[in-house]
Amino acid sequence: MSTSSEPSASFDQDPMRGRLLLLAAALLWSLSGLLVKNDVMQSIPLAERGPVLACYRALFAAASLLPFLRWRQCRVRLAMLPMVASYLLMNLLYVTALTKTTAAAAIFLQYTCTGWAFLVGVLFLGERSDRGGVVALVCAMVGITVIVASDWQGDRLPGNLIALGSGVTFAGVAIMFRVLRGESALWLVFLCNLVGGLGLLPWVLTLDVQLTVAQWCLTAALGVLQLGLPYILFARAVRVVTAQEAALITILEAVLNPIWVALVVGEMAPLATWVGGGCIVVGLVLRYTVFLNRPVPVAARQPT
């Protein structure tokens, strides 16, 4: 998420290695559905599962990022308040959505954040409109309509609406990262997870939930392997790979997430969810290829 394109002296400057790092990051990011929807996690009461996993996931992620911080680059600014608030809500809503709807709907609807961020940037931040942003927004709207309307009276509707909310709050995180692009990206991600976890902790401690050893291990994996480590890989990769290529490769997360859940857990999303999700993904691909007419911020992909 840093706008710098200068690789560190110790980093292999081969773009192919950068692409492999991005692929690894996308693969790890795509494990969220699998880590939440497996049989071990299903024994956590449904009402408490979302906040408990969101809280400890964020704290484990912050702990995994702590050794990589450069404290001289870390400072606190007032603009970081809406950033961490948006992240807290996004994390809570996304993990909760995973417990209430299909992994496919949860991740596809969260990826509508690109369209929301574009809309807010044009309407409120004075950013110039471009065809790519319009295409992404229109495709997102079509995808949302297909996914939500197809299950309007079904059991998954609340989860779909929560997932849509995670996309809106995710856009808030992306916008604030653009506002704070002069700050250390690693520091911002660490701060988001630290405050996001600590902010939920008082609530979580009031819940009558005792995690087993296996559940603690999977929750740690959700924070460290699915969130912390892939961000480190992503941050290193974007030093030698163009921002639009990074954005395109990491879109694989949205496709792979429901596939892992289908193969391992056996959850099959409705056809309408895949059609709507396909619209959203196609809009993003077009945004970063055919309609790319200006530099894409490296912050195009935030950790989820």
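Residues numbered from 1 in each chain as written. Predicted model: local features only at pLDDT ≥ 70, side-chain atom pairs only at ≥ 80, totals over all residues. Heavy atoms only, no water.

> What am I meant to see in the packing of helix 4 (residues 46-65) against helix 10 (residues 185-205) here?
Each pair of packed helices gets described by two things: the angle between the helix axes and the distance between those axes. For the pair helix 4 and helix 10, the least separation of the axes is 7 Å and the interaxial angle reads 145°. Where helix 4 crosses over helix 10, the two elements pack in a sense that is left-handed. Partitioning the contact of helix 4 with helix 10 into residue classes produces 20 nonpolar, three polar and no charged. (Axes fitted to C-alpha atoms, helices over the stretch in contact; angles between N-to-C directions. Helix = DSSP H or I, 4+ residues; strand = E, 2+ residues; numbered from the N terminus. Left-handed = near helix turned anticlockwise from the far one by under 90°. Nonpolar A, V, L, I, M, F, W, Y, C, P; charged D, E, K, R; others polar.)

> Honestly, a nonpolar patch on the surface in this entry has me stumped. Any pointers?
On the surface, Met-16, Leu-20, Leu-23, Leu-27 and Leu-252 cluster together to form a nonpolar patch covering roughly 410 Å² of accessible area. Per-element tally for the nonpolar patch: the top contributor is helix 1 (residues 15-29), with four residues. Along the chain, Leu-252 falls in helix 13 (residues 252-265). By relative accessible area, which is 34% here, Leu-252 ends up partly exposed. (Patch = residues over 30% accessible without salt bridge, like charges linked within 9 Å, V, L, I, M, F, W, Y side chains within 5 Å. Areas by Shrake-Rupley, 256 points an atom, 1.4 Å probe, with all protein chains shown as cover. Salt bridge = Lys/Arg side-chain N within 4 Å of Asp/Glu carboxyl O. Buried < 20%, exposed > 50% of the residue type's maximum accessible area, 1.4 Å probe, protein only.)

> Just checking my understanding: could you explain the nonpolar core for this structure?
Generally speaking, a soluble globular protein has its nonpolar side chains buried in company with each other. One finds Val-52, Leu-53, Phe-108, Tyr-111 and Leu-200 to be the most contacted residues of the largest nonpolar core, which totals 46 residues. No other element matches helix 6 (residues 103-110), which puts seven residues into this core. Among the nonpolar cores identified, the runner-up in size contains 43 residues, and Ala-62, Ala-117, Trp-187 and Val-189 belong to it. (Core = buried A, V, L, I, M, F, W, Y, C linked by side-chain atoms within 4.5 Å.)

> What am I meant to see in empty space enclosed by the protein here?
The gaps of empty space that remain are located by a probe, the size of a water molecule, rolled over the atoms. For the coordinates displayed, the defined rule picks out three cavities of 30 Å³ or more. Taken as a whole, the second largest cavity encloses approximately 40 Å³ of empty space. What lines the second largest cavity is simply Thr-101, Thr-102, Ala-105, Ile-147, Ser-150, Asp-151, Arg-156, Asn-160, Pro-270 and Thr-273. A class-by-class count of the residues in the lining of the second largest cavity yields three nonpolar, five polar and two charged. (1 Å grid on protein atoms, 1.4 Å probe; cavity = no way out; pocket = protein on both sides within 12 Å on 5 of 7 lines; lining within 4 Å. Points joined across faces, edges and corners; volume = space filled by probe spheres on them.)

> I tried to follow helix 14 (residues 271-287) on my own but got confused; where do I start?
In an α-helix, one turn spans 3.6 residues, which is why side chains three or four residues apart end up on the same side. Here helix 14 spans 24 Å end to end across 17 residues, near enough to the 24 Å set by a 1.5 Å rise per residue. Those residues of helix 14 that fall on the buried side of the exposure criterion are Thr-273, Gly-276, Gly-277, Ile-280, Val-281, Gly-283, Leu-284 and Arg-287. One face of helix 14 carries all of its buried residues, which in axial projection span an arc of 155°. Against the buried residues of helix 14 lie helix 6, helix 7 (113-124), helix 8 (131-150) and helix 13. (Expected span 1.5 Å × (residues − 1). Arc of directions from axis to C-beta. Contact = heavy atoms within 4.5 Å.)

> Even after reading the chapter, I still don't get the environment of Tyr-87, so can you show me in this structure?
One can find Tyr-87 in helix 5 (residues 80-100). Between the C-alpha atom of Tyr-87 and that of Val-189, which follows or precedes it by 102 residues, the distance is 9.4 Å.

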